[in-house]
Structures are given as C-alpha cells and as structure tokens.
Amino acid sequence: MKLHLHVGVIETVDEATLNEALAVAGCTGRVLAKLKPNLAVLEREDAEKVIGALEANGLHPKVMR
C-alpha cells in the first residue's frame, strides 16, 4: 500500500483535453490514478506543473486550493 498525503486532481471537459494537458506538462506517465476518463489524480507538484503549462500557453484554468 502506498499513501499519498498531498495530491492534486485535474478534471477537464473530456478525456482528450486531459491527455493534452498532461502531455504539455510532461506528466502523462506520472498519473497516480484515473478516476474517470477526464479526471486524474497526481502528486501536488505534478498538478502544479499542469497548471503552469496551461498558463504558459495562454489558458487560465480554474484552480481551487
């Protein structure tokens, strides 16, 4: 069993958008779990990478902390 204390959840409108966001951030292989096709759980640092990559590409994701 592995326990993760600090995780981030990324939810998008569809699976293709999630896959693209993860790829842009270089986090495709770092997903801890996919709860739904458009919902991924990552380490907090990796979720921050996804947010940063989206912002660097001119997108403004809704972020809840």
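Quick note: structure is the one above.
Residues numbered from 1 in each chain as written. Predicted model: local features only at pLDDT ≥ 70, side-chain atom pairs only at ≥ 80, totals over all residues. Heavy atoms only, no water.

Participant: Teacher, can you tell me more about the nonpolar core here?
Facilitator: Among the nonpolar cores identified, the biggest contains eleven residues, and these are Ile10, Leu18, Ala21, Leu22, Ala25, Cys27, Ala40, Leu42, Ala47, Val50 and Ala53. Contributing elements (two or more residues each) for this core: helix H1 (15-25), strand S3 (39-43) and helix H2 (44-56). If you tally residues by element for this core, the top one is H1, at four residues. Excluding its chain neighbours within four sequence positions, the residues that come into contact with Val50 are Ile10, Ala21, Leu22, Ala25 and Cys27. (Core = buried A, V, L, I, M, F, W, Y, C linked by side-chain atoms within 4.5 Å. Buried < 20%, exposed > 50% of the residue type's maximum accessible area, 1.4 Å probe, protein only. Helix = DSSP H or I, 4+ residues; strand = E, 2+ residues; numbered from the N terminus. Contact = heavy atoms within 4.5 Å.)

Participant: Would you mind showing me how to read the packing of H1 against H2 here?
Facilitator: Two quantities define a packed helix pair, namely the angle between the axes and the distance from one axis to the other. Relative orientation of the contacting elements H1 and H2 amounts to 95°, with a least axis distance of 8 Å. Overall, the two elements H1 and H2 adopt an arrangement that is roughly perpendicular. For the pair H1 and H2, the contacting residues are Ala21, Leu22, Val24 and Ala25 in the first and Lys49, Val50, Ala53 and Leu54 in the second. (Axes fitted to C-alpha atoms, helices over the stretch in contact; angles between N-to-C directions. Parallel < 35°, antiparallel > 145°, perpendicular 65-115°, else oblique.)

Participant: Looking at this model, I keep getting lost on the sheet that holds S3. Mind explaining?
Facilitator: Sheet strands line up and pair through hydrogen bonds in the backbone, either parallel or antiparallel. An order of S1-S3-S2 is seen for the three strands of this open sheet, with the pairing classed as antiparallel. Of all the strands in the sheet, just strand S1 (7-11) and strand S2 (33-36) have a single pairing partner and so form its edges. This sheet shows a mean twist of 25° between the axes of neighbouring strands, independent of strand direction. Lying on the sheet, H2 is in contact with S1 and S3; it crosses S3 at an angle near 120°. (Pairing = 2+ DSSP bridges.)

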